[in-house]
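Take a look at the letters that make up each chain.
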Amino acid sequence: TAGWLQIMLTTCMMETGYFIFEYQGYGALDKEPGDIGGEGWIRYDDASTKTFKLNVERQNGRAAMLGVTGCLVHELLGVNALYPTGG
């Protein structure tokens, strides 16, 4: 109950503006949209490298979705996918 109250209190504080900060927009900070990684952020100028990285990310997402789907199918069949007991 205390955890739920803490979540609700924080949410209400955010909704009512208690955590207001001064937002200047992207143009004021000389950053492009999506630059949230700090100094370690790398923007790929080479089109082939960027395409490769995006395809790898897409394939990893698809593999994760298939893994979750497999766990759901096991649950529907009545077999615990995380801790199989063999029976």
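Above this text you will find the structure in question.
Before going into details, it helps to say that this report is about the structure given with it. (Residues numbered from 1 in each chain as written. Predicted model: local features only at pLDDT ≥ 70, side-chain atom pairs only at ≥ 80, totals over all residues. Heavy atoms only, no water.)

Looking at the overall build of the protein chain
Here comes step 1: Check the secondary structure of the protein chain and you find two helices and zero strands.
Here comes step 2: Total accessible area computed for the protein chain in this model is approximately 8,200 Å², and 62% of it derives from carbon and sulfur atoms. (Helix = DSSP H or I, 4+ residues; strand = E, 2+ residues; numbered from the N terminus. Areas by Shrake-Rupley, 256 points an atom, 1.4 Å probe, with all protein chains shown as cover.)

Section: a nonpolar patch on the surface
Here comes step 1: A cluster of nonpolar side chains, namely Trp4, Leu5 and Met8, defines an oily patch on the protein surface of about 330 Å² accessible area.
Here comes step 2: Take tryptophan 4: it is sitting in helix α1 (residues 2–16). (Patch = residues over 30% accessible without salt bridge, like charges linked within 9 Å, V, L, I, M, F, W, Y side chains within 5 Å. Salt bridge = Lys/Arg side-chain N within 4 Å of Asp/Glu carboxyl O.)

So, α1
Here comes step 1: Over its 15 residues, α1 runs 21 Å from end to end, which matches the ideal 21 Å to within 8%, given 1.5 Å per residue.
Here comes step 2: Taking burial as the measure, the 15 residues of α1 include zero buried ones, a minor fraction of the element. (Expected span 1.5 Å × (residues − 1). Buried < 20%, exposed > 50% of the residue type's maximum accessible area, 1.4 Å probe, protein only.)

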